[in-house]
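Survey of secondary and tertiary structure
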Amino acid sequence: MTTLTTTPTTSHDPALLTAPHWGDPVASLNGVTKVYYKPDGSILVEALRGVDLEIPQGQYVAIMGASGSGKSTLMNLLGCLDRPTAGEYALQGQPVAKLHDEALSHMRGRKIGFIFQAFNLISQLNIEENVETPLLYQGVGREARRKRAIEALQLVGLGDRLGHRPNQLSGGQQQRAAIARALAADPVILMADEPTGNLDTATGDAILKLFDDLHDEGMTIIMVTHDDEVAERCERVIRMRDGLIETDVIHRHRTPDDDRLAAS
Ligand SMILES: Nc1ncnc2c1ncn2[C@@H]1O[C@H](COP(=O)(O)OP(=O)(O)O)[C@@H](O)[C@H]1O
Ligand SMILES: [Mg+2]
């Protein structure tokens with residue numbers, strides 16, 4: 001394993017950092033490490049080796065890097081699925097790093113929407129029930145659950161498929177349902193791990209267009225991708241290497257105007 005001793009390469013044009021559509025930091029990591037241990041207590045691997053990262057409200061971020069570089073570990077920490085070994089994590093200003101399991105999972109349910117490569121829908125439930133499920137765990141009442149699920153499914157273009165089981169839908173439709181499930185809880189951050197990895201190009205493009213639209217509405221999105229073309233659509237590309245941020249580049253601000261210009 002090579003050791004990076006340099007600070008990450010950043011190219012933040014100061015003018016870009018004050019762009020109007022980014023707000024206060026939603027996620028701030030400070031000196032975050034994650035160590036996986038062997039059963040005997042010795043160190044197996046240092047998956048993250050001191051990560052500092054600030055993500056403002058409304059930013060659309062791609063995380064890239066070779067297999068084993070720490071992307072999933074970073075996503076798991078940002079998504080409150082796991083805790084750092086050391087360092088601080090503030091989510092909307094609230095400290096997360098030392099929360100106990102129940103408080104951590106409460107935070108996750110309230111603030112994070114997850115989208116996975118394999119959709120992860122429950123095959124025995126129809127898609128409306130799938131979208132309602134996380135709301136059930138949050139104690140949202142029956143009528144409100146149904147209303148929010150239907151709204152989220154309408155938003156992703158599945159308003160006419162509520163009673164369908166996942167296996168009655170195409171891959172693209174299943175991923176839309178998974179996005180609706182992530183959105184129904186009104187998350188602060190939408191986190192996606194290779195969301196188009198199981199889709200053909202045209203279907204994947206339609207899903208990415210949906211992400212663009214959500215971003216235009218102000219959603220903060222963090223997406224792991226191996227695809228340079230997918231990363232191109234994001235505003236910021238973070239490359240991980242050996243448990244550290246190797247490069248962190250803000251390359252542009254995509255705004256609704258970009259689409260209008262592109263279309264004209
Ligand atoms: N639960 C775990 N237990 C032990 N080692 C792990 C665990 N999860 C990840 N690792 C190790 O941590 C390093 C980073 O893994 P990961 O974050 O999954 O990388 P990526 O998502 O970039 O492929 C790898 O060396 C991996 O083998
Ligand atoms: Mg991974």
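Right above here is the structure, for reference.
A brief structural summary.

**Examining the overall build of the chain**
Scanning the chain from N- to C-terminus turns up nine helices and 11 strands. Per-residue burial over the chain gives 38% buried out of 264 residues. Residue pairs at least 24 apart in sequence account for 70% of intrachain contacts in the chain once pairs closer than 6 positions are excluded.

**Focus on the environment of R142**
Its place among the elements puts R142 in helix 5 (residues 142–155). Note on R142: 10 C-beta atoms within 10 Å, which makes it exposed. Expressed as a C-alpha distance, the spacing of R142 and E132, which sit 10 residues apart in the sequence, is 8.9 Å.

**Structural notes on the site of ligand 1**
Residues in close proximity to ligand 1 include Y36, L44, V45, A47, G65, S67, G68, S69, G70, K71, S72 and T73, which together make up its full environment. Those elements giving two or more residues to the shell around ligand 1 turn out to be strand 3 (43–56) and helix 2 (71–78). Here the residues of the shell around ligand 1 are counted per class, giving four nonpolar, seven polar and one charged.

**Things to note about the pairing of strand 11 (residues 244–250)**
The sheet contact formed by strand 10 (residues 236–241) and strand 11 spans six bridges and is antiparallel. Across the sheet, R236 pairs through a bridge with I250, a residue of strand 11.

**Topic: unusual backbone geometry**
Here the phi dihedral of F119 falls at roughly 65°; this positive angle occurs in a residue that is not glycine. Its place among the elements puts F119 in the loop between strand 7 (112–116) and helix 4 (127–137). If you check the backbone angles, N120 has positive phi at about 55° while not being a glycine. Along the chain, N120 falls in the loop between strand 7 and helix 4. A count of 13 C-beta atoms within 10 Å places N120 in the partly exposed class.

**Here we look at the packing of helix 4 against helix 5**
When two helices pack together, their arrangement is captured by the angle between the axes and the distance separating the axes. Following both chains from N to C, one finds helix 4 and helix 5 inclined at 125°, their axes separated by 9 Å at the closest point. Compared by their axis directions, helix 4 and helix 5 come out oblique. For the pair helix 4 and helix 5, the sense of crossing is right-handed. Residues I127, E128, V131, E132, L135 and L136 of helix 4 lie in contact with helix 5, whose contacting residues are R145, R146, R148, A149, I150, A152 and L153. Class assignment of the residues belonging to the contact of helix 4 with helix 5 gives a composition of eight nonpolar, no polar and five charged.

The rules we used
- Residues numbered from 1 in each chain as written.
- Chains lettered and ligands numbered in written order.
- Predicted model: local features only at pLDDT ≥ 70, side-chain atom pairs only at ≥ 80, totals over all residues.
- Helix = DSSP H or I, 4+ residues; strand = E, 2+ residues; numbered from the N terminus.
- Buried ≥ 20, exposed ≤ 12 C-beta atoms within 10 Å, placed from the backbone.
- Contact = placed C-beta atoms within 7 Å.
- Near = placed C-beta within 6 Å.
- Nonpolar A, V, L, I, M, F, W, Y, C, P; charged D, E, K, R; others polar.
- Pairing = 2+ DSSP bridges.
- Axes fitted to C-alpha atoms, helices over the stretch in contact; angles between N-to-C directions.
- Parallel < 35°, antiparallel > 145°, perpendicular 65-115°, else oblique.
- Left-handed = near helix turned anticlockwise from the far one by under 90°.

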